[in-house]
Amino acid sequence: MPDSDPTPPGLIHSYQRYDPKSFPSPTAPPPDIAGAAFEHMLAFGDLRELTEEELARAIRLDPGMFPQLGPSLESLAAMLRERKRRILATYETHSVRSAAAREFDRTAREAAPPKAFRDSYIKAVREEQIADLENIWNRQADERAPFSIQLLHVLERLSDKYQIDEMAGRYEFTGREALTVEEALAVKQELETIDELLEQLKQAAKDARIGIIDMDALSEFADPDAMENLNRMQREIEDYLREAARNQGLERSREGFKLTPKTLRLFQRNLLTEIFSDLAAARSGRHTGPIQGEGATELERTRPYEFGDSAANMDTVGTLLSAAARGGVTGARVRVTGDDINVHLTRNNPKCATMVLMDMSGSMRYGGQYIHCKRMALALDGLIRTEYPGDFLNFIEMATFARLQNIGDLPALLPKPVTIHRPVVRLRADMSDPRLSEMQVPQHFTNIQHALSLSRRVLANQPTPNRQIILITDGLPTAHFEGHELFMLYPPDPRTEEATMREAALCARDGVTINIFLIPSWSQASEDIQFAHRLARSTRGRVFFTAGKDLDRFVLWDYVKQRRSIIS
């Protein structure tokens, strides 16, 4: 810098570094930490506290909030790319590949296999099959026998040959310096570490997740100043995330972050905003105009009194003003006639009772269908709490058994692990036997009959004629009860369908509407679709076919439409 410049050089370094006073941009929206935390819970079904690392991995941040992050990561990436370029320009791999092949051949010839294993050993060596050599070693009676030890050396030399061949095929070496086998393996490990770090830096530049970078591995290549700068930025981002997490209801403890009811409400609100904003382009609106009638909810508009109108809905202020304008004021008295009386327009707001049956059988694991099911349940709960607080809503987990679940326990639900893999299963269990518990029975079957029965009993206690069941499943039922006896039948049996249909008929007799949302699965066939049609037709219900990722939109929009039809 010229001597005539009065600016001290140290200030240039200060301005190039990040100024924590503007961290982050005050106009940047806060990251959706509540949503990221809940999505993590829905996927893994674990209600334990999230560690800081897990929370950092789940969140997507805007790198624009951290002006110095991009240049810092790019400088580190450029350093790694240059180191990789120098390695490839220095070495050649032809000689080390030949050396590894010769070492394997020499070690293999020195081994003396017993007569019983000679032919299989020679074949495995000739074809260079590690799996076959491992199988021969596993069949040895004595692991310390000379041939067992020799075989381990052969396996090690063949592994070295494989790794060097892989490195030569993956990277383009242009240098002339020869490598030993040990040096080549070390170079391979270094190149793979560089590639992993480059991918981590690339991802961190997209979402500001510095926590995914292997700092220990990076410190072996970067200078201390660059690492200190990156560590400082990581601490600043972590401090910001902690503050944002606290503002969104996540409580921090020694073990990590704990989700609270405030976090759940925020997640539900964001879900509803996302769902209905997606529907806005194709729909006329979320709400219709008020339905006039003799109801309990008063509207702003009024109308003249008619004989039979309830006095409870009289517009007192408007009536007095009408009488005063007519001249009915005498001293301190106001004379009101029938023509002066106005009443509020009202809207009926009847209560609706809904049971949501969520299939958590073994097949729901494929394609993450169980995640979509739980997201729908949380969104529906949020909709009813905000829009229809008088409605009744409850959830049932449906697998081999049906169980009532609280909204707070839904994130922990997971599909039941499949414990029987036979193509044909015919099981019967007497659940009245005190020696037999539910946990001793395979849990991964689909018992729609039990879920419908439990729903019907719960809905019978709700004082409203508007009762419905939302059944979310991916196929045919595979379990049912006959008295105390539980039958688990796969492939699906007509006996199970008949029991399910009988329970559905009882629901229809009690005035309960069954809405079936059939989501696709890898094993779904025409029989599954036909069963859904038969169930809906026999109970005057409805069946919907929807992709799992759109389940929340279908269910919520249908619920809103049904509420409108109830009001009208």
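Right, let's walk through the structure included here. Numbering of residues starts from 1 in each chain and follows the order in which that chain's sequence is written. Given that this is a predicted model, residues contribute local features only at a pLDDT of at least 70 and side-chain atom pairs are listed and counted only at 80 or more, while totals for whole chains, interfaces and linings are drawn from all residues. Side-chain metrics in this entry use all non-hydrogen atoms of the structure; hydrogen atoms and water are not considered.

Quick look at helix α11 (residues 224-247) now. Each helix is a run of H or I in the DSSP string that is no shorter than four residues. Each strand is a run of E no shorter than two, and both are numbered from the N terminus. By definition here, a helix of n residues has an expected span of 1.5 Å times n minus one. Its 24 residues give α11 an end-to-end C-alpha distance of 35 Å, which sits within 8% of 34 Å, the value for a rise of 1.5 Å per residue. Near the N-terminus of α11, the side chain that reaches the backbone nitrogen of D225, with its oxygen 3.1 Å away, is that of D223. Residues adjacent in sequence count toward polar contacts only when both atoms are side-chain atoms; beyond that, a polar contact is any pair of N or O atoms within 3.5 Å, and within protein one must be able to donate a hydrogen and the other to accept it.

Whenever a helix is involved, its axis is fitted only over the stretch in contact; in every case the axis is a line through C-alpha atoms, and angles between N-to-C directions fall within 0 to 180 degrees. One way to put it is that helix α6 (residues 115-127) packs onto helix α7 (residues 130-138) with a least axis distance of 8 Å and a crossing angle of 155°. Classified by the interaxial angle, the pair formed by α6 and α7 is roughly antiparallel. Crossing of α6 over α7 shows left-handed handedness. Contacts between α6 and α7 involve F117, S120, Y121, A124 and V125 from the first element and D132, L133 and I136 from the second. If an angle is under 35 degrees, it is roughly parallel; if it is over 145, roughly antiparallel; if it lies from 65 to 115, roughly perpendicular; otherwise it is oblique. For any helix crossing, the convention is left-handed if the near helix is rotated counterclockwise from the far helix by under a right angle, and right-handed if that rotation is clockwise. By the convention used here, residues are in contact when the closest approach between their heavy atoms is within 4.5 Å.

Let's shift gears to a negative patch on the surface. Patch definition: residues above 30% relative accessible area lacking any salt bridge, with like charges linked at up to 9 Å and the nonpolar side chains Val, Leu, Ile, Met, Phe, Trp and Tyr linked at up to 5 Å. Calculation of accessible area relied on Shrake-Rupley with a 1.4 Å probe; when residues are assessed, cover is drawn exclusively from the protein chains displayed. A pairing counts as a salt bridge when a side-chain nitrogen of Lys or Arg comes within 4 Å of a carboxyl oxygen of Asp or Glu. For this count, His and the chain ends are skipped, Lys and Arg are scored as positive, and Asp and Glu as negative. To locate a charge, take atom NZ for lysine, CZ for arginine, CG for aspartate or CD for glutamate. A contiguous patch of negative charge, built from E196, D214, D216 and E220, is present on the exposed surface. Structurally, D216 is set in helix α10 (residues 215-219). Three exposure classes are used, based on accessible area relative to the maximum for each residue type with a 1.4 Å probe and protein chains only: buried under 20%, partly exposed in between, and exposed over 50%. Using a relative accessible area of 63% as the deciding quantity, one classes D216 as exposed.

Bringing the packing of helix α16 (residues 494-509) against helix α17 (residues 526-538) into the picture now. For any two helices packed against each other, the geometry is given by the interaxial angle and the distance between the axes. Put simply, α16 and α17 touch, their axes get as near as 10 Å, and they point 30° apart. For the element pair α16 / α17, the angle class is roughly parallel. The crossing of α16 and α17 is right-handed. Counted together, E497, T500, M501 and A504 of α16 and F531, R534, L535 and S538 of α17 form the full contact between these two elements. Its residues assigned to classes, the contact of α16 with α17 shows four nonpolar, two polar and two charged. We call Asp, Glu, Lys and Arg charged. Ala, Val, Leu, Ile, Met, Phe, Trp, Tyr, Cys and Pro are nonpolar, and the rest, Gly among them, are polar.

The amide bond that connects Y490 to the next residue, P491, takes the cis arrangement and shows omega of 0°. Structurally, the position occupied by P491 is in the loop between β13 (485-490) and α16. Positioned with a positive phi, E128 is a non-glycine residue whose angle comes to about 55°. Looking at E128, the relative accessible area reads 22%, which means it is partly exposed. Of note in the backbone geometry, R540 takes a positive phi value of approximately 55° without being a glycine.

Across the sheet, which stays open at both edges, the three strands sit in the order β10-β13-β12 with antiparallel pairing between neighbours. Two strands bound the open sheet, and with one partner strand each, they are β10 (425-430) and β12 (479-482). With strand direction ignored, the average angle separating the axes of adjacent strands in the sheet is 20°. Two strands make a pair as long as DSSP finds a minimum of two bridges between them. Pairing between β12 and β13: four bridges, direction antiparallel. If you follow E482 over to β13, its bridge partner there is E485.

Given a rise of 1.5 Å per residue, 13 residues ought to cover 18 Å, and the 18 Å separating the end C-alpha atoms of α17 matches this to within 8%. Here α17 has its buried residues at D528, F531, A532, L535 and A536. One face of α17 carries all of its buried residues, which in axial projection span an arc of 125°. Looking at the packing, one finds that the buried side of α17 touches α15 (448-459), β11 (467-473), α16, β14 (512-518) and β15 (542-545). One or two positions beyond α17, positive phi appears at R540, with a value near 55°. Relevant arc is that of directions from the helix axis to the C-beta atoms, nothing else.

Turning our eyes to something else, we now look at the sheet that holds strand β7 (residues 353-359). Pairing is mixed across the open sheet formed by six strands, whose spatial order is β9-β8-β7-β11-β14-β15. Each having just a single partner strand, β9 (402-405) and β15 make up the two edges of the open sheet. The sheet shows a mean angle of 20° between the axes of neighbouring strands, direction not considered. Pairing between β11 and β14: seven bridges, direction parallel. Directly across from I469, in β14, lies its bridge partner I514. Each of β7, β8 (392-398), β9, β11 and β14 touches α15; the most contacted strand, β7, lies at about 160° to it.

Residues enter a nonpolar core if they are buried and are Ala, Val, Leu, Ile, Met, Phe, Trp, Tyr or Cys, with the set joined through side-chain atoms within 4.5 Å. Of all hydrophobic cores here, the largest spans 39 residues; its most connected members are L80, F173, V187, I210, I213, L218 and L230. At the level of secondary structure, the elements contributing two or more residues to this core comprise α4 (69-90), α5 (94-110), α8 (146-170), α9 (181-207), α10 and α11. The element that contributes the greatest number of residues to this core is α9, accounting for nine residues. If we ignore the near neighbours within four places in the chain, the residues touching L80 are I194, L197, L198, L201, L218 and F221.

What follows is about the environment of F445. Tracing the chain through its elements places F445 in the loop between β10 and α15. When the C-alpha atoms of F445 and S363 are compared, they prove to be 8.8 Å apart, with 82 residues separating the residues in sequence. Not counting the four nearest positions on each side in its chain, F445 is found in contact with S361, A399, T400, V425, T478, A479, M488, L489 and Y490.

Before going further, it helps to examine the side chain of S361. Along the polypeptide, S361 turns up in the loop between β7 and α14 (369-387). Residues within four places of S361 in sequence aside, it is in contact with M398, A399, P415, K416, H444, F445 and T446.

This brings us to the packing of aromatic side chains. How two aromatic rings sit relative to each other is set out by the distance from centre to centre and by the angle between their planes. Two aromatic rings from Phe, Tyr or Trp, using only the six-membered ring of Trp, form a pair when their centres are within 6.5 Å; if the ring planes differ by under 30 degrees the pair is stacked, by over 60 it is edge-to-face, and anything between is tilted. Counted according to the given criterion, the structure contains three aromatic pairs. Their ring planes at 50° and their centres at 6.2 Å tell us that F401 and F481 sit as a pair that is tilted. With F401 in the loop between β8 and β9 and F481 in strand β12, the pair connects residues that are 80 residues apart, well separated along the chain. The pair F401 / F481 is uniform in exposure class, with both members buried. A ring has a charge above it when a Lys NZ or an Arg CZ is no more than 6 Å from the ring centre and no more than 35 degrees off the ring normal. Over the aromatic face of F487 sits the side chain of R495, whose NZ or CZ is 4.3 Å from the ring centroid.

Okay, the pairing of β7 next. Taking burial as the measure, the seven residues of β7 include seven buried ones, the bulk of the element. On β7, burial covers both faces: A353, M355, L357 and D359 on one face and T354, V356 and M358 on the other are all buried. Bridge analysis of β7 against β8 gives seven bridges, and the strand direction is parallel. In the sheet register, D359 faces β8, and the bridge partner there is M398. You can see the chain leave β7, run along α14 and come back into β8, and the turn it takes is right-handed. Sheet analysis places β7 next to β11, joined by six bridges and oriented parallel. Residue pairing in the sheet places M355 in a bridge with I469 of β11. Looking down the strands as they point away from the viewer, one classifies a crossover as right-handed if the path from the first strand across the helix to the second runs clockwise.

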